[in-house]
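Here is what each chain is made of, one letter per residue.
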Amino acid sequence: MQAVILVGGQATRLHPLTANTPKAMVPVLNRPFLEYVIQNLSRHGVTEIVLAQHHLAGPIESYLGDGSQLGVRLTYVIEEEARGTAGAIKNVERYLDGTFLALNGDIFSDLDITEMVRFHKEQNAVATIALVPVEDPTAYGLIETDLTGRVQRFLEKPDPSEITTNMINAGTYVLEPEVLTQIPSEKQVSIERETFPMLVSSGRPVYSFPSSGYWMDAGTPEKYLQLHRDLLSGKSTWYTPGVDVEVLIGEGCNIDPTAPLIGPVLIGAGCTIGEDSVIEDSVIWHGVQVGSRVRVKSSVVANNCTLGDDSTVEGGVLGDHVTVVAGGRVGLGSQVESGETVG
Ligand code: GTP
């Protein structure tokens, strides 16, 4: 079985973290996000993977190469113009042969892919969509099914009175080649909003596969931070950081022994944390220099930032190479663009 991973989106909601880093390469527990998506595929025996790229394509191939280090074979395809989630799959049609998987590249999940493919074949479906429950479904597109799991209706951003389900599209699909014939070439097409509703309204068998396992769409800074909290507290059944810790520190860091790290905390390689600085519930990328008596709480700090002595970053998201001046303050909800100096 082959898989297409969609990694070409603009990732606007994850800015400024994705100003220079593609969403697929954003580090999760110090490894690029995409490695987890690939690892979940390969543990289910899926090792032929096509990466559908557009925005910021270069860094992914430079890092993952042919995929052999992860035990898979990677093919890279770059769209000249963004084609949307269905158009991107259509654009790699020439590499696909038979039933295949398609996945959003920004989702961490415990989805049982083997079981999903088995279900898809048993139903003779043309498409099977993984579903996950969410607490507040109002912000999502909902999928209504009958008792056998066959999809009946799609509801985009429903009115509260229309909510009959809390199951949403989990961003993973099993597809038959027939689906490709329904997607126009050289056009921007959304699989969620156009292709699936069209298949359902023309009576084709589209099924759903509900999953109750861990699932996180890491598309916003809040959810990205939540993913770290969840992984460090062991919420995923297949991935654990290896040791029972709430604090993970990368190689070559210099952390002053007087600096408390209050988990969940993730610190990348080559960081310095000065005396009496407190880091709590935060993700710090590589090469970050934190001075003395700094407080960082519930924040994400991207590569090579400098936080001056006595500064505070609380509920903030800092792009690469940001400088917070000594005594400066980055407050709740602040997003600081790459290269800026604030304080
Ligand atoms: P936002 O701009 O924050 O909405 O993020 P996004 O651009 O990643 O969009 P979204 O989260 O809806 O995309 C879901 C998945 O599809 C992500 O893995 C994207 O990288 C991918 N994706 C979205 N649009 C395209 C596209 O036009 N081409 C390709 N190849 N991938 C896409």
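Predicted model only: the values in this text are computed from it and were never measured.

Asker: Help me out: how do you make sense of the overall build of the chain in this one?
Answerer: The helix and strand tally for the chain stands at seven helices and 28 strands. Once the C-alpha set of the chain is aligned to its principal axes, its extents read approximately 65 × 45 × 35 Å. Across the 343 residues of the chain, 53% fall into the buried class. For the chain, the separation between the mean place of its 23 positive charges and that of its 43 negative charges on side chains is 5 Å.

Asker: Even after reading the chapter, I still don't get the site of the ligand, so can you show me in this structure?
Answerer: Taken together, 20 residues are adjacent to the ligand, and L6, T12, R13, E79 and G84 come closest. Between the ligand and G8 there is a distance of 3.0 Å, counted from a nitrogen atom to a backbone nitrogen or oxygen. Contact distances for the ligand include 3.0 Å between an oxygen atom and a backbone N or O atom of A11. Looking at the shell around the ligand, the elements that each hand over two or more residues are β4 (48–53) and α3 (84–90). Ranked by residues supplied to the shell around the ligand, first place goes to α3 with three residues. Among the residues making up the shell around the ligand, the classes are represented as six nonpolar, nine polar and five charged.

Asker: Please clarify how the domain arrangement of the chain should be interpreted in this entry.
Answerer: How big an interface is tends to be reported as the loss of accessible area on association of its parts. Taken domain by domain, the chain holds domain 1 (2–232) and domain 2 (247–342). On a C-alpha basis, the centroid separation for the pair domain 1 and domain 2 is 32 Å. The interface is formed by 16 residues belonging to domain 1 together with 25 residues belonging to domain 2. Our enumeration of links across domain 1 and domain 2 arrives at one salt bridge. Residue R229 is joined to D281 by a salt bridge in which the shortest nitrogen-to-oxygen separation is 2.7 Å. Our enumeration of links across domain 1 and domain 2 arrives at four residue pairs in polar contact (both at pLDDT 80 or more). In terms of residue count, helix α7 (residues 221–232) provides more of the side of domain 1 that touches domain 2 than any other element does, six residues in total. When the residues that make up the side of domain 1 that touches domain 2 are grouped by side-chain class, the tally is ten nonpolar, five polar and one charged.

Asker: Help me understand the environment of D281, please; the structure alone is not making it clear to me.
Answerer: If you trace the backbone, D281 turns up in strand β18 (residues 278–284). Put simply, D281 and V296 are 15 residues apart on the chain and 8.2 Å apart in space, counted from C-alpha to C-alpha. Among all residues touching D281, those that are not within four sequence positions of it are L225, R229, I262, P264, V265, K297, S298 and S299. At 2.6 Å, the side chain of D281 forms a polar contact with the side chain of S298.

Asker: Help me understand the state of the cysteines in this model?
Answerer: The bond known as a disulfide is covalent and runs between the sulfur atoms of two cysteines. Applying the stated criterion across every chain yields a total of zero disulfides. No disulfide involves C253; its sulfur sits 4.6 Å from the nearest other cysteine sulfur, which is in C271. Here C305 stays free of any disulfide, with the sulfur of C271 as its closest cysteine sulfur at 9.7 Å.

Asker: In this structure, what is going on with the side chain of S311? I would like to understand it.
Answerer: Relative to the assigned elements, S311 resides in the loop between β22 (306–307) and β23 (312–314). What makes S311 buried here is its relative accessible area of 0%. Within the structure, the side chain of S311 is placed 2.7 Å from the backbone oxygen of G308, a separation counted as a polar contact. If near-sequence neighbours (up to four positions away) are discounted, S311 is found in contact with R293, V294, R295, V324, V325, G327 and G328.

Asker: What am I meant to see in the sheet that holds strand β28 (residues 341–342) here?
Answerer: Within a beta sheet, neighbouring strands are joined by backbone hydrogen bonds and run either parallel or antiparallel to one another. Pairing in this open sheet of six strands is parallel, and the strands run β15-β17-β19-β22-β25-β28 from one edge to the other. Looking along the sheet, the strands with just one partner apiece sit at the ends: β15 (254–255) and β28. Two strands pair when backbone bridges link them, and β15 and strand β17 (residues 272–273) are joined in this way by two bridges, in the parallel orientation. Within β17, the residue paired with N254 across the bridge is T272.

About the cut-offs
- All residue numbers here refer to positions counted from 1 along the written sequence of the relevant chain.
- Only residues with pLDDT of 70 or above have their local features reported here, since the model is predicted, and side-chain atom pairs are shown and tallied only from 80 upward, although totals for entire chains, interfaces and linings are computed over all residues.
- Side-chain figures throughout are based on the complete set of non-hydrogen atoms in the structure, without hydrogens or water.
- For helices the rule is a DSSP run of H or I covering at least 4 residues; for strands it is a run of E covering at least 2, with both sets numbered from the N terminus onward.
- Burial status follows relative accessibility: with a 1.4 Å probe on protein chains alone, a residue under 20% of its type maximum counts as buried, one over 50% as exposed, and anything between as partly exposed.
- Counted as positive: Lys and Arg. Counted as negative: Asp and Glu, with His and the chain ends omitted from the count.
- Note that the charge is assigned to NZ on lysines, CZ on arginines, CG on aspartates and CD on glutamates.
- Definition of nearness: a residue and a molecule or strand are near each other if at least one heavy atom of the residue lies within 4 Å of the molecule or strand.
- Any pair of N or O atoms that falls within 3.5 Å is considered a polar contact. Within protein, one atom must be able to donate a hydrogen and the other to accept it, and sequence-neighbouring residues count only if both atoms are side-chain atoms.
- When residues are grouped by polarity, Ala, Val, Leu, Ile, Met, Phe, Trp, Tyr, Cys and Pro land in nonpolar, Asp, Glu, Lys and Arg in charged, and all others, Gly among them, in polar.
- As annotated, the domain borders come from an automatic or database domain assignment.
- Throughout, a residue-residue contact means that at least one pair of heavy atoms, one from each residue, lies within 4.5 Å.
- Here, a salt bridge means any side-chain nitrogen of Lys or Arg that lies within 4 Å of a carboxyl oxygen of Asp or Glu.
- Cysteine sulfur atoms that pair up within 2.5 Å are treated as a disulfide.
- By definition, two strands form a pair when at least two bridges between them are found by DSSP.

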